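Residue-level listing of the chains:
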Amino acid sequence: MSHYILPASLPAYALAVLSTLEKGGYEAWVVGGWVRDALLGMPSHDVDVCTNAPWQESVRLLKAADIEVHCTGIQHGTVTAVLEGHPVEVTTYRVESGYSDLRHPDSVQFVDSIFDDLARRDLTINAMAYHPIRGLLDPYAGEKDLTLRLIRAVGDPYRRFSEDALRVLRAVRFAARLGFEVEPATQTALQQCAPELAHIARERIGHELTGIIATGHLAWAMRTQRCVLLAALPSLAPMVGFEQNSPYHCYDVYEHTMQVVAATECFAGGHASMRLRWASLLHDIGKPHTFTMDEKGQGHFFGHPSAGAQMSESILRMLALPTSLITPCLDLVRFHDRPVKATRHSVLRMMSDLDSRCPGQAVPLAFETLILKRADAMGKAAPYRSYAIEIDKIELILRELVGQQAPYRVKDLAISGADVVEVLGGRPGPWIGTILESVLREVVHGRLDNSKSAQVAWILGEKSV
Ligand code: ATP
Ligand code: MG
């Protein structure tokens, strides 16, 4: 199979940038991700342009053509043109060394030839340039590797990964995203250079791990690129080979986690949220640290969900992931092993507890908790996998409760704080919240109707006790 880019598939705004630079007497090419994805027929991608024009010249020519331009990374030779709302990064041909921040090399040297610029890129499939008239420039046979479905480093893989260990994770990310194999010499170098990830800034690691997880193929990476993942996230290491000594389990903690990660993706139809994906990876991270053995020789992991939530918090914070992901993710870790029964009040209690830490997110989090519990069951010994069916019954109740808008928060109650003051008198204060919480507890347990008259009567009754 040979790939081909239809010149017309290059967006008009990118063409405008190329021709503006070339009319000014310079050379310009589209490079990197857009070329790779266009050859694969994948949806359009941000367009990156590289040119032999010094950045000051790019700015001058683009401005003269009435194109909006911003100096986004001039120390690395990058400016960004914006046309009809589409950003196009324009970078002067360069070679570089060392990246200590997330995106930019420490020092760059500008060069005259596109060939030198392509030579500094990480993978053959990322080292192609395209021009609508001159066609494809592919000195490292990236197109052939697209056909062979191979991830291969440009030049000597060991050298490329030693120059910038983050490339180790990038290679795994592209393999996971595209479902490609890693070419054997590249794979050997990945393993040799993975320990160098210890010297890479944690937020860069967090960014790439997020990229790997976002492909939905983390289980593949856990199986085939274990040493890379462990180098990126050393806290996973104690799970490897950690036997559970329990009739519920037939896998060690790492293998179990891999099964759960795969099943989570499957039960979520390939579209698990990022917080759920992270939670599936980290749900049992507390196990090796909470292991005890009873007199019969059976293993237990008392308190592993909350220990795991604590460990997960420090891991996710260290990787500089946003709090909006961390908080609900920790709740999923905390809840994954909590007993929930197929009864209305058990499900309402789960929703109420989820809402207390993550206000407004109880409904999606409850569905995600059930996906994680179902996947967790699938990673157990065969006789215990049928618990997954019990989860279906719980999910039916959850759907029913959501459909009925059943109350699980104070604000869902028929009675309000003002009603409490009116009924009991007294000055507004925190005591009102305490009373409303007790009313909610009764309603969630099904002992009290969600009607104002019933709740007023209950409050008066409580007060007289
Ligand atoms: P996507 O944005 O879809 O993940 P991309 O190929 O555009 O993929 P970017 O990270 O945006 O990836 O980088 C753009 C291009 O820059 C890459 O295609 C590659 O040629 C080059 N590149 C990026 N990071 C590195 C690196 N660490 N080492 C070498 N080349 C790199
Ligand atoms: Mg990109």
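Residues numbered from 1 in each chain as written. Chains lettered and ligands numbered in written order. Predicted model: local features only at pLDDT ≥ 70, side-chain atom pairs only at ≥ 80, totals over all residues. Heavy atoms only, no water.

Its domain assignment divides the chain into domain 1 (7-148), domain 2 (154-232), domain 3 (239-404) and domain 4 (410-464). With centres defined by C-alpha atoms, the gap from domain 1 to domain 4 works out at 64 Å. (Domains from an automatic or database assignment.)

Right, let's talk about the site of ligand 1 for a bit. In the vicinity of ligand 1 lie 15 residues, with Arg-36, His-45, Arg-167, Arg-173 and Arg-177 positioned nearest. Between Arg-121 and ligand 1, the recorded distance is 3.0 Å, taken from a side-chain N or O atom to an oxygen atom. A distance of 2.8 Å separates an oxygen atom of ligand 1 from a polar atom in the side chain of Arg-170. In the complex, 81% of the free accessible area of ligand 1, which totals 590 Å², lies under the protein chains. Among the secondary structure elements, those contributing two or more residues to the shell around ligand 1 are α2 (33-39) and α7 (166-178). Considering each element in turn, the shell around ligand 1 owes the most residues, 5 residues, to α7. Of the residues that constitute the shell around ligand 1, the class distribution is 2 nonpolar, 4 polar and 9 charged. Each of domain 1 (7-148) and domain 2 (154-232) contributes no fewer than three residues to the shell around ligand 1. (Near = heavy atom within 4 Å. Polar contact = N/O pair within 3.5 Å; in protein donor to acceptor, adjacent residues only side chain to side chain. Areas by Shrake-Rupley, 256 points an atom, 1.4 Å probe, with all protein chains shown as cover. Helix = DSSP H or I, 4+ residues; strand = E, 2+ residues; numbered from the N terminus. Nonpolar A, V, L, I, M, F, W, Y, C, P; charged D, E, K, R; others polar.)

Turning to the nonpolar core, a few remarks are in order. Among the nonpolar cores identified, the biggest contains 127 residues, and Val-49, Leu-197, Trp-278 and Leu-281 are the most heavily contacted of them. Counting residues in hydrophobic clusters, the runner-up holds 9 residues, among them Trp-29, Val-31, Ile-114 and Leu-137. (Core = buried A, V, L, I, M, F, W, Y, C linked by side-chain atoms within 4.5 Å. Buried < 20%, exposed > 50% of the residue type's maximum accessible area, 1.4 Å probe, protein only.)

Attention now moves to helix α19 (residues 387-403). Along an α-helix, a turn takes 3.6 residues, which lines up residues three or four apart on a common side. In this model, α19 (17 residues) spans 25 Å end to end at C-alpha, consistent with the 24 Å of a helix rising 1.5 Å per residue. When α19 is considered as a whole, its buried residues turn out to be Ala-388, Ile-391, Ile-394, Glu-395, Ile-397, Leu-398 and Leu-401. Projected onto a plane normal to the axis of α19, the buried residues spread over an arc of 165° and lie on a single side. Every exposed residue of α19 that faces more than 90 degrees away from the buried side is listed here: Ile-389, Leu-396 and Gly-403. Looking one or two residues past α19, Gln-405 carries a phi angle of roughly 50°, positive in sign. (Expected span 1.5 Å × (residues − 1). Arc of directions from axis to C-beta.)

Pairing of strand β2 (residues 47-51) with strand β5 (residues 86-92), which is carried by 5 bridges, proceeds in the parallel orientation. The residue bridging Asp-48 from the neighbouring strand is Glu-89, located in β5. Between the end of strand β4 (residues 78-83) and the start of β5, which pair antiparallel, lie 2 residues, with Glu-84 showing a positive phi angle near 45°. (Pairing = 2+ DSSP bridges.)

Looking now at the sheet that holds strand β1 (residues 28-31). Across the sheet, 7 strands lie side by side as β3-β4-β5-β2-β1-β8-β9; this open sheet has mixed pairing. In this open sheet, the two strands that pair with only one neighbour each are β3 (68-73) and β9 (135-137). Within the sheet, the average angular offset between the axes of one strand and its neighbour, ignoring direction, is 35°. Here helix α1 (residues 12-23) sits on the sheet in contact with β1, β2, β4, β5 and β8 (129-131), set at roughly 10° to β2. Those strands touched by helix α3 (residues 55-64) are β2, β3, β4 and β5, and its axis lies near 160° from that of β3. (Axes fitted to C-alpha atoms, helices over the stretch in contact; angles between N-to-C directions. Contact = heavy atoms within 4.5 Å.)

For the coordinates displayed, the defined rule picks out 28 salt bridges. Here Glu-400 ties to Arg-344 by a salt bridge, and the two come within 3.7 Å at their closest N and O atoms. A residue pair is termed long-range when its members are at least 10 positions apart, and Glu-400 in helix α19 and Arg-344 in helix α17 (residues 344-357) qualify at 56 residues. By relative accessible area, Arg-344 is classed as partly exposed at 39%. (Salt bridge = Lys/Arg side-chain N within 4 Å of Asp/Glu carboxyl O.)

A few words on helix α12 (residues 253-267). Along its 15 residues, α12 runs 20 Å from first to last C-alpha, staying within 8% of the 21 Å computed at 1.5 Å per residue. Check the buried side of α12 and you find it contacts α10 (218-224), α11 (226-232), α13 (274-282), α14 (287-290) and α18 (362-378). Two to three positions downstream of the cap, the backbone nitrogen of Tyr-254 sits 2.9 Å from a side-chain oxygen, assigning the N-cap of α12 to Asp-252. Just downstream of α12, Gly-269 is the residue with a positive phi angle, here 65°.

For the coordinates displayed, the defined rule picks out 0 disulfides. The thiol of Cys-329 is not disulfide-bonded; the next cysteine sulfur, from Cys-358, is found 10 Å away. What makes Cys-329 buried here is its relative accessible area of 0%. (Disulfide = S-S within 2.5 Å.)

Attention now moves to the packing of aromatic side chains. Evaluation of the coordinates by the stated rule reveals 4 aromatic pairs. Seen in terms of ring centroids, Trp-34 and Tyr-130 are 6.1 Å apart; in terms of plane orientation they differ by 40°. Their pairing is tilted. Within this pair, whereas Trp-34 is found in helix α2, its partner Tyr-130 is found in strand β8, the two being separated by 96 residues in sequence. Residue Trp-34 shares its accessibility class with Tyr-130, and that shared class is buried. Between Tyr-248 and Tyr-384, the ring centres sit 4.7 Å apart and the planes meet at 70°, which makes this aromatic pair edge-to-face. Of the two residues, Tyr-248 sits in the loop between α11 and α12 while Tyr-384 sits in the loop between α18 and α19, which places them 136 residues apart along the sequence. We classify Tyr-384 as partly exposed; its relative accessible area is 31%. One aromatic cluster is present, built from ring pairs that chain together Phe-242, Phe-291 and Phe-301. (Phe/Tyr/Trp six-rings, centres within 6.5 Å; stacked < 30°, edge-to-face > 60°.)

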